[in-house]
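Each chain, written out:
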Amino acid sequence: MPATAPTLLLLSLEAAIIAVTDEAPRVLTVRESGGEDALPSGPLDVARHQTIERGVRDWVEQQTGFPLGYVEQLYTFGDRERDPRECELGARVVSTAYLALVREQPLPSELPAQWSDWYAYLPWEDWRAGRPALIDRDLKPHLYAWGGREKRRRERADLVFGFDAAPWDPERTLERYELLWEAGAVGEALRDRGEGQPAPGSGRVMAMDHRRILATALGRLRGKLKYRPVVFELLPPEFTLGHLQRTVEALAGARVHKQNFRRLIEAGGLVEGTGRLDHATGGRPAELFRFRHEVFRERPAPGVYFPGAWWGR
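In every chain, residue numbers begin from 1 and rise along the written sequence. In view of the model being predicted, local features appear only for residues whose pLDDT reaches at least 70, and side-chain atom pairs are presented and counted only at 80 or more, with totals across whole chains, interfaces and linings using the full set of residues. The side-chain figures draw on all heavy atoms in the structure; neither hydrogens nor water molecules are used.

1. Digging into the overall build of the chain
Then comes step 1: In terms of helices and strands, the chain carries 10 helices and nine strands.
Then comes step 2: Against the globule reference of 20 Å for 313 residues, the chain gives a C-alpha radius of gyration of 21 Å, in line with a compact fold.
Then comes step 3: Viewed in the frame of its principal axes, the chain has a C-alpha envelope of about 70 × 55 × 45 Å.
Then comes step 4: Each residue is assigned to one of three classes by its accessible area relative to the maximum for its type, calculated with a 1.4 Å probe on protein chains only: buried under 20%, partly exposed between the two thresholds, exposed over 50%. Of all 313 residues assigned to the chain, the portion counted as buried reaches 48%.
Then comes step 5: For this analysis, residues touch if any pair of their heavy atoms sits within 4.5 Å. Contacts spanning at least 24 positions in sequence make up 63% of the contacts within the chain whose residues lie at least 6 apart.
Then comes step 6: Of the roughly 15600 Å² of accessible surface on the chain, a fraction of 51% belongs to carbon and sulfur atoms.
Then comes step 7: Once the 44 positive and 45 negative side-chain charges of the chain are each reduced to a mean point, those two points are 5 Å apart. Secondary structure elements are taken from DSSP: a helix is a run of H or I of four residues or more, a strand is a run of E of two residues or more, and numbering for both begins at the N terminus. Based on C-alpha atoms, the radius of gyration is set beside the globule rule, defined as 2.2 Å times the residue count to the power 0.38. We get accessible surface area from the Shrake-Rupley algorithm with a probe of 1.4 Å; when it comes to residues, only the shown protein chains can shield them. Positive charges are assigned to Lys and Arg, negative charges to Asp and Glu, while His and the chain termini are left out of the count. To locate a charge, take atom NZ for lysine, CZ for arginine, CG for aspartate or CD for glutamate.

2. Overview of the pattern of salt bridges
Then comes step 1: Any carboxyl oxygen of Asp or Glu that lies within 4 Å of a side-chain nitrogen of Lys or Arg is treated as forming a salt bridge with it. Counted under the stated rule, the structure contains 28 salt bridges.
Then comes step 2: With a closest N to O distance of 3.6 Å, Arg48 and Asp58 form a salt bridge. In this pair, Arg48 sits in the loop between strand 4 (41–43) and helix 1 (52–64) while Asp58 sits in helix 1, placing the two residues 10 residues apart along the sequence.
Then comes step 3: Given a relative accessible area of 45%, Arg48 falls into the partly exposed group.
Then comes step 4: Salt bridges sharing partners connect three or more residues here, namely Asp45, Arg48, Arg54 and Asp58.

3. Regarding the environment of Asp58
Then comes step 1: Residue Asp58 is classed as partly exposed on the basis of its relative accessible area, which comes to 21%.
Then comes step 2: Placed 209 residues apart in sequence, Asp58 and Ala267 show a C-alpha to C-alpha distance of 41 Å.
Then comes step 3: Setting aside its immediate chain neighbours within four residues, Asp58 contacts Arg48 and His49.

4. Quick look at helix 4 (residues 151–161)
Then comes step 1: Taken together, the buried positions of helix 4 are Ala157, Asp158, Val160 and Phe161.
Then comes step 2: Here the buried face of helix 4 lies against helix 3 (133–147) and helix 5 (173–182).

5. Structural notes on the packing of aromatic side chains
How two aromatic rings sit relative to each other is set out by the distance from centre to centre and by the angle between their planes.
Then comes step 1: A pair of aromatic rings is counted whenever rings of Phe, Tyr or Trp (Trp by its six-membered ring) have centres within 6.5 Å, and the orientation is called stacked for planes under 30 degrees apart, edge-to-face for over 60 and tilted otherwise. For the coordinates displayed, the defined rule picks out 10 aromatic pairs.
Then comes step 2: Look at Trp118 and Tyr119: their rings are 5.8 Å apart centre to centre, the planes differ by 80°, and that puts the pair in the edge-to-face class.
Then comes step 3: Tyr119 sits in the buried class, given a relative accessible area of 5%.
Then comes step 4: Measuring from centroid to centroid gives 5.8 Å for Phe161 and Phe163, while their planes differ by 15°, and the two rings are stacked.
Then comes step 5: The class for Phe161 is buried, based on a relative accessible area of 0%.
Then comes step 6: Taken together, the aromatic side chains of Trp127, Tyr144, Phe161, Phe163 and Trp168 make up a single cluster linked through ring pairs.
Then comes step 7: As a reminder, the over-ring test applies to NZ of lysine and CZ of arginine, requiring each to be within 6 Å of the ring centre and within 35 degrees of the ring normal. For the cation-ring pair, Arg154 lies above Tyr144, with the distance from its terminal atom to the ring centre recorded as 3.6 Å.

6. A look at the packing of helix 5 against helix 7 (residues 210–224)
Then comes step 1: For every element, the axis is a line fit to its C-alpha atoms; helices are fit only across the contacting stretch, and the angle between N-to-C directions ranges from 0 to 180 degrees. Between helix 5 and helix 7, whose axes approach to 7 Å, the crossing angle comes to 155°. Classified by the angle their axes make, helix 5 and helix 7 are roughly antiparallel. Facing Thr173, Leu174, Arg176, Tyr177 and Glu178 of helix 5, the residues of helix 7 in contact are Arg211, Arg212, Ala215, Thr216, Leu218, Gly219 and Arg222.
Then comes step 2: Looking at the contact of helix 5 with helix 7, its residues break down into four nonpolar, three polar and five charged. Reported orientations rely on four angle classes, namely roughly parallel under 35 degrees, roughly antiparallel over 145, roughly perpendicular from 65 to 115, and oblique for the rest. Gly is put with the polar residues, along with every residue not named as nonpolar or charged; the nonpolar set is Ala, Val, Leu, Ile, Met, Phe, Trp, Tyr, Cys and Pro, and the charged set is Asp, Glu, Lys and Arg.

7. With respect to unusual backbone geometry
Glycine aside, a negative phi is what most residues show, and trans is what most peptide bonds show.
Then comes step 1: Unusually for a residue other than glycine, Asp22 sits at a positive phi of about 50°.
Then comes step 2: Phi angles above zero are rare outside glycine, and Glu23 is one such case at about 70°.
Then comes step 3: Its place among the elements puts Glu23 in the loop between strand 1 (9–21) and strand 2 (24–31).
Then comes step 4: For Glu23, a relative accessible area of 33% puts it in the partly exposed group.

Next up, the structure:
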């Protein structure tokens, strides 16, 4: 093998920190100097950070003032030129992203951090009021113009966005964003490649490829709803079944059938009543429930999904 100059590698750490507040799925973001929203992030300091996870926690707390609890590794992103620091430092930037589910807390006013509605970045993913009009009104013409006479492009658009009677798959979130980027329909394509014209309804631009990371996180969460009780990490210790349902709907981006959903929750042994009532519901007091941790011993996949539950499926 011929000798080559060593390639410098910079490991960057990103965090997709998700909460659901008042039925709104929210992501913790920081404002970049250029005005774009970004996920909390920073480079791994090999001298200071004993572990990669420790590095993620340090950067998040430094940039947002938010102390993280449990986190899990989401994905590694290593496309060339995904980060402007490659040109500045002459190094290849590889990012390891982490996912955290939390309950929203106030943030220090002196830091440029805020909770943002994640559907502002991925508006085509929110089906709680039915199929978003912007999919067919704004995105479809752009994608079909990009596809032209190329059958493979047209078929790809049909499959991931549910055009031409194709079914909508809620978990193909990353494929949808990447298709829009490739077709030049999102602002990041114009910024990254100097080409394309963002389509109306294509959502708010994020720094670097952070919208891609957010789309990956959303797909991961929707998939995990089937087999892990992740939704309870976003809830207080005691909650009403209505609160639980609205939180699931926020993650799924779709409404669920109320009676079927409650039968699923109760039959699956996911919750147990506390005997106390919530009088702040604005109507008839509702019983408060809590998550049953014993379900992990009783079922191998204690999720909150079953076929036919989602209207949008």
